[in-house]
Amino acid sequence: MSEFRPIEVLLVEDDPGDVLLCQEAFSYNKVGNNLHVVNDGEQALAYLRGEGQYDSAPRPDLVLLDLNLPRVNGFEVLEEVKRDPSLRTIPVVILTTSEAEQDILRGYNLHANAYIAKPVDFDQFTRVVRQIDEFFVTVVKLPGK
């Protein structure tokens, strides 16, 4: 079995409770992936482009993206990421409360790598985040890893 190296994960989430749940789920894993958090779509794009306060931020290996964000919504962030040749290879997993079919279709049409509806139950939510984390560390081959 190969050795697992920590990956850089960017969580784009404006709900402090969901941020805390994600942080707890990530810390539960013993791999020690690095979770970086921004609270709106504008910050997400600045982080991904290494602009302003994010000029020395590590390039994410994975983005967990909420759709309902202030300033720039998740669909707009996804569209920008997948349009930019320097960013489009970063996997983007939509992690949102919306289960609307039009949102799911729009997410995949904009080339999201996965669409996951957030469970409302605390244990299920942390289990889902843990599974995303484990999947991208143990199963998926990421660029540059």
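Look up: the structure comes first, before these words.
Being a predicted model, the structure only gives us computed values, none of them experimental.

Chemist: Looking at this model, I keep getting lost on the pairing of strand β4 (residues 92–96). Mind explaining?
Modeler: Two faces, one strand: in a regular strand the side chains alternate between the faces of the sheet. Burial analysis of β4 places five of its five residues in the buried class, the great majority of the element. Because side chains alternate across β4, one face comprises the buried residues V92, I94 and T96, and the other comprises V93 and L95, equally buried. Handedness of the crossover is the feature at issue here: the chain leaves strand β3 (residues 62–65), passes through helix α3 (residues 74–83), returns alongside β4, and the resulting connection is right-handed. Pairing analysis gives four bridges linking β4 to strand β5 (residues 114–117), with the strands arranged parallel. Looking at the pairing, L95 lines up with I116 of β5. Handedness of the crossover is the feature at issue here: the chain leaves β4, passes through helix α4 (residues 101–109), returns alongside β5, and the resulting connection is right-handed.

Chemist: Please clarify how the pattern of salt bridges should be interpreted in this entry.
Modeler: Pairing is possible between side chains of opposite charge, provided their charged atoms come close. Evaluated as defined, the whole model comprises eight salt bridges. For D18, the salt bridge goes to K118, with nearest N and O atoms at 2.7 Å. Taken together, the positions of D18 in helix α1 (residues 16–28) and K118 in the loop between β5 and α5 (122–139) put the pair 100 residues apart, joining distant regions of the chain. The residues D18 and K118 share a single accessibility class, namely buried. E79 serves as the salt-bridge partner of R83, at 3.3 Å between the closest nitrogen and oxygen. With R83 and E79 both in helix α3 and four residues apart, this pair spans about one turn of that helix. For E79, a relative accessible area of 33% gives the class partly exposed. Each of the salt bridges in this network shares a partner with another, and the network as a whole consists of E13, D18, D66 and K118.

Rules of the game
Residues numbered from 1 in each chain as written. Predicted model: local features only at pLDDT ≥ 70, side-chain atom pairs only at ≥ 80, totals over all residues. Heavy atoms only, no water. Buried < 20%, exposed > 50% of the residue type's maximum accessible area, 1.4 Å probe, protein only. Helix = DSSP H or I, 4+ residues; strand = E, 2+ residues; numbered from the N terminus. Right-handed = clockwise from strand over helix to strand, strands pointing away. Pairing = 2+ DSSP bridges. Salt bridge = Lys/Arg side-chain N within 4 Å of Asp/Glu carboxyl O.

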